[in-house]
Amino acid sequence: MPPTDARPGTDASPDTGLGVEADTSRRPDADTSPDADTSCVAAAGSLPAPGTGSEDTLDLHLSDELISLIGAGEGTATTRGDLLDAVATWGSATTPVGTFRLVPVRLERDLPLITRWMNDPAVAAFWELSGPEAVTATHIGAQLDGDGRSVPCLGVLDSTPMSYFEIYRADLDPLARHYPARPHDTGIHLLLGGVADRGRGVGTALLRAAADLVLDHRPHSARVIAEPDLRNTPSVAAFLSAGFRFSAEVDLPDKRAALMVRDRALRHVL
């Protein structure tokens, strides 16, 4: 499963406190949004990539009970392309840094660019996908060839591809074994591609915009979920600034993560 936060130092503004950490003494559901716009959105957590023998988003098989739960009364389709309500049709969002949209990845078009980003040391430290194009192709191809529960996307800002997102069904992911998942919980992974976009609030703006797109176009999803590595304090701070709240610390197979939640009910408050 890919990392859930973004790279280290994605988006921390100089005056935002790159060292903001999740306060582990807080109640799990405490709201901890900081006033500053932090930004380490580039280095996502270090969850294993497909083909490594570790759990991956596409390896989780649904029980009959879970299928019944998520489909009850909602007509939820289980065919490819329906699990995330057609990400390609979500349209654009206006942000303080420009017009943003998610464009599903096409390997033949996007592989060289994404591979270059994955080989940035700041990104590789958390995503662990550095190396030749084949490494990135395997990771993304597993999602493209799957059932649609994870959709890799370019983040396009004012017509320029400048970030990589993974929008995924957190309730159908191995992550769901580690927190009280609800039907249609939607997860986000993010990395910012260019160094120039880090440290000036871009990551926070894109996280908020992406979460808003999820909530606008996935009516059954009440929450957007992320699980950045607790060590990646700029990323945790960026999620807080983007309207997520710190919910809990969770022990995942290869990291201790901050479970971050953006609630539909609180989207206009935080």
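The structure this text deals with has already been given above.
Note that this is a predicted model, so its numbers are computed, not measured. Within each chain, residue numbers correspond to sequence positions counted from 1 in written order. Only residues with pLDDT of at least 70 are given local features in this predicted model, and only at 80 or more are side-chain atom pairs given and counted; all residues enter the totals for whole chains, interfaces and linings. Water and hydrogen atoms were dropped before computing side-chain values, which therefore reflect all heavy atoms in the structure.

A. Geometry of the packing of aromatic side chains. Note on aromatic pairs: the rings of Phe, Tyr and Trp (six-membered ring only in Trp) are paired at centre separations within 6.5 Å, and the planes decide the class, stacked below 30 degrees, edge-to-face beyond 60, tilted for the rest. Scanning the model with the defined rule gives three aromatic pairs in all. For the ring pair Phe100 and Phe165, a centre distance of 5.5 Å and an interplane angle of 55° mean the geometry is tilted. Of the two residues, Phe100 is situated in strand E2 (residues 98–104) and Phe165 in strand E4 (residues 160–169); the sequence distance between them amounts to 65 residues. As far as the burial class goes, Phe100 and Phe165 line up, both buried. A centroid spacing of 5.1 Å and a plane angle of 85° characterise the contact between Phe239 and Phe244, whose relative ring orientation is edge-to-face. Numbering goes from the N terminus for both helices and strands, where a helix is a DSSP run of H or I of at least four residues and a strand is a run of E of at least two. The cut-offs for exposure are 20% and 50% of the maximum accessible area for each residue type, with area from a 1.4 Å probe on protein chains only; residues under the lower value are buried, those over the upper are exposed, and the others partly exposed.

B. Structural context of the pattern of salt bridges. Within this document, salt bridges are pairs made up of a side-chain nitrogen of Lys or Arg and a carboxyl oxygen of Asp or Glu, the two lying within 4 Å of each other. As enumerated under the stated definition, the model contains 16 salt bridges in all. Across the salt bridge formed by Glu108 and Arg106, the nearest N and O atoms sit 3.2 Å from each other. Taking the relative accessible area as the measure of exposure, Arg106 reaches 44% and is therefore partly exposed. Notably, a salt bridge pairs Arg231 with Asp229, separated by 2.6 Å at the nearest N-O pair. A relative accessible area of 60% places Arg231 in the exposed class. Look at the salt bridges and you will find they share partners, linking Asp212, Asp216, Arg262 and Arg267 into a network.

C. Representation of unusual backbone geometry. The backbone of Asp158 sits at a positive phi, close to 50°, despite the residue not being glycine. With respect to the secondary-structure elements, Asp158 resides in the loop between strand E3 (150–157) and E4. Relative accessible area serves as the criterion here: at 46%, Asp158 is assigned to the partly exposed category. Positive phi is not limited to glycine here, since Ser159 has a value of about 75°. Relative to the helices and strands, Ser159 resides in the loop between E3 and E4.

D. Fine view of the packing of helix H5 (residues 202–217) against helix H6 (residues 233–241). An axis is simply a line fitted to the C-alpha atoms; with a helix, the fit covers only the stretch in contact. Between two such axes, the angle follows the N-to-C directions and lies from 0 to 180 degrees. Where H5 contacts H6, the two axes come as close as 8 Å, and the packing angle between them is 50°. In this view, H5 runs oblique relative to H6, as classed from their interaxial angle. H5 and H6 meet at a crossing whose hand is right-handed. Residues Thr204, Leu207 and Arg208 of H5 pack against Ala238, Phe239 and Ser241 of H6. In these notes the angle categories are as follows: under 35 degrees is roughly parallel, over 145 is roughly antiparallel, 65 to 115 is roughly perpendicular, and the rest is oblique. By convention, the crossing between two helices is left-handed when the near helix turns anticlockwise from the far helix through less than a right angle, and right-handed when the turn is clockwise. In what follows, a contact means two residues having at least one pair of non-hydrogen atoms within 4.5 Å.

E. Spotlight on the nonpolar core. Here, nonpolar core refers to any group of buried Ala, Val, Leu, Ile, Met, Phe, Trp, Tyr and Cys residues whose side-chain atoms link them within 4.5 Å. By size, the foremost hydrophobic cluster in this structure holds 36 residues, and its most contacted members are Phe100, Leu102, Phe165 and Met260. When residues of this core are traced back to their parent elements, those giving at least two are E2, E3, E4, strand E5 (186–192), H5, strand E6 (223–226), H6 and strand E8 (255–263). Among the elements that line this core, the one with the most residues is H5, at nine residues. In this view, Leu102 contacts Val87, Trp90, Cys153, Leu154, Phe165, Ile167 and Leu213; residues no more than four positions away in its chain are not counted. Ranked by size, the runner-up nonpolar core spans twelve residues in total, among them Val105, Ile114, Met118 and Ile140.

F. Quick peek at the packing of helix H2 (residues 107–118) against helix H4 (residues 133–144). Viewed as axis vectors pointing N to C, H2 and H4 meet at an angle of 125°, and their least axial separation amounts to 9 Å. Taken together, the axis directions place H2 and H4 in an arrangement best described as oblique. Considering the relative orientation of H2 and H4, their crossing is right-handed. On H4, the residues touching Leu107, Leu111, Pro112, Ile114, Thr115 and Met118 of H2 are Glu133, Thr136, Ala137, Ile140, Gly141 and Leu144. The classification used treats Ala, Val, Leu, Ile, Met, Phe, Trp, Tyr, Cys and Pro as nonpolar, Asp, Glu, Lys and Arg as charged, and all other residues, Gly among them, as polar. For the contact of H2 with H4, a count of residues per class yields eight nonpolar, three polar and one charged.

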